[in-house]
Amino acid sequence: MTMTTTQRILDLAAAAPASHGEDLVLLLGEANELYQQGLQDLHREVAERLGGLATADLMLAAETAGMPCDASQDRDEVILLLALVEWEMTPAAMAYMEMAEAAARHGVCLIPEE
């Protein structure tokens, strides 16, 4: 049986509270890669699903979803915004965000200090 991105992120998020230091950084790094992969996969799906809509309809869909757009944004940007809105409501994305926020409260993040 193949583990899905969502399952793996949920597993990593469940393991995170018991992890510290470098172990937590490794968990967070893997979860971040999976988060990005999941967003890219969903972006492709949304682009296929909405690719035939007129630009004005895409802009309206983004506005309705709570992502205001302006005339300077092209179709690809609007489709990405719509994918992001949809992705952020998935259990995988929510678990990752909670994991990243909890790690940050413990001084752990993926951005190296300079």
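Coordinates for the structure precede this section.
Description of the structure in this document. Bear in mind the structure is a predicted one, so any value in this text is a computation, not a measurement. (Residues numbered from 1 in each chain as written. Predicted model: local features only at pLDDT ≥ 70, side-chain atom pairs only at ≥ 80, totals over all residues. Heavy atoms only, no water.)

This part is about the packing of helix 1 (residues 5-15) against helix 2 (residues 21-50). Packed helix pairs are specified by the crossing angle of their axes together with the interaxial distance, meaning the distance between the axes. Interaxial distance between helix 1 and helix 2 falls to 10 Å at its minimum, and their mutual angle equals 155°. Taken together, the axes of helix 1 and helix 2 are roughly antiparallel relative to one another. For the pair helix 1 and helix 2, the sense of crossing is left-handed. Mapping the contact onto sequence places Thr5, Arg8, Ile9, Leu12 and Ala15 in helix 1 and Leu27, Glu30, Ala31, Leu34, Tyr35, Gln37 and Gly38 in helix 2. In terms of residue class, the contact of helix 1 with helix 2 is made up of 7 nonpolar, 3 polar and 2 charged. (Axes fitted to C-alpha atoms, helices over the stretch in contact; angles between N-to-C directions. Helix = DSSP H or I, 4+ residues; strand = E, 2+ residues; numbered from the N terminus. Parallel < 35°, antiparallel > 145°, perpendicular 65-115°, else oblique. Left-handed = near helix turned anticlockwise from the far one by under 90°. Contact = heavy atoms within 4.5 Å. Nonpolar A, V, L, I, M, F, W, Y, C, P; charged D, E, K, R; others polar.)

By volume, the largest pocket is sized at about 180 Å³. Lining the largest pocket are 13 residues; nearest its centre among them are Ala16, Pro17, Leu24, Ala102 and His106. Looking at the lining of the largest pocket, the elements that each hand over two or more residues are helix 2 and helix 5 (91-105). Looking at the lining of the largest pocket, the element that brings in the most residues is helix 5, giving 4 residues. (1 Å grid on protein atoms, 1.4 Å probe; cavity = no way out; pocket = protein on both sides within 12 Å on 5 of 7 lines; lining within 4 Å. Points joined across faces, edges and corners; volume = space filled by probe spheres on them.)

Right, let's get into the side chain of Thr5. Residue position: Thr5 is located in helix 1. The class for Thr5 is buried, based on a relative accessible area of 18%. Residues contacting Thr5, with those up to four places away along its chain left out, are Leu34, Gln37 and Gly38. (Buried < 20%, exposed > 50% of the residue type's maximum accessible area, 1.4 Å probe, protein only.)

Turning our attention to the pattern of salt bridges. According to the stated counting rule, one finds 3 salt bridges in the structure shown. Notably, a salt bridge pairs Glu86 with Arg49, separated by 2.6 Å at the nearest N-O pair. Remark: Arg49 occurs in helix 2 and Glu86 occurs in helix 4 (residues 75-88); sequence separation between them is 37 residues. (Salt bridge = Lys/Arg side-chain N within 4 Å of Asp/Glu carboxyl O.)

This paragraph deals with a negative patch on the surface. A cluster of acidic side chains, namely Asp70, Asp74, Asp76 and Glu77, defines a negative patch on the protein surface. Along the chain, Asp74 falls in the loop between helix 3 (55-64) and helix 4. (Patch = residues over 30% accessible without salt bridge, like charges linked within 9 Å, V, L, I, M, F, W, Y side chains within 5 Å. Areas by Shrake-Rupley, 256 points an atom, 1.4 Å probe, with all protein chains shown as cover. Lys, Arg positive; Asp, Glu negative; His and termini not counted. Charge placed at Lys NZ, Arg CZ, Asp CG, Glu CD.)

This part takes up helix 3. The set of residues buried in helix 3 consists of Leu58, Met59 and Ala62. Burial along helix 3 is one-sided: seen end-on, the buried residues are contained in an arc of 100°. The exposed residues of helix 3 that point more than 90 degrees off its buried face are Ala56, Leu60 and Thr64. Residues of helix 3 that are buried sit in contact with helix 2 and helix 4. (Arc of directions from axis to C-beta.)

On to the environment of Glu48. Along the chain, Glu48 turns up in helix 2. Sequence-wise, Glu48 and Ile79 are 31 residues apart; in three dimensions their C-alpha atoms are separated by 9.7 Å.

A few words on the environment of Thr90. By the element assignment, Thr90 lies in the loop between helix 4 and helix 5. What makes Thr90 buried here is its relative accessible area of 18%.

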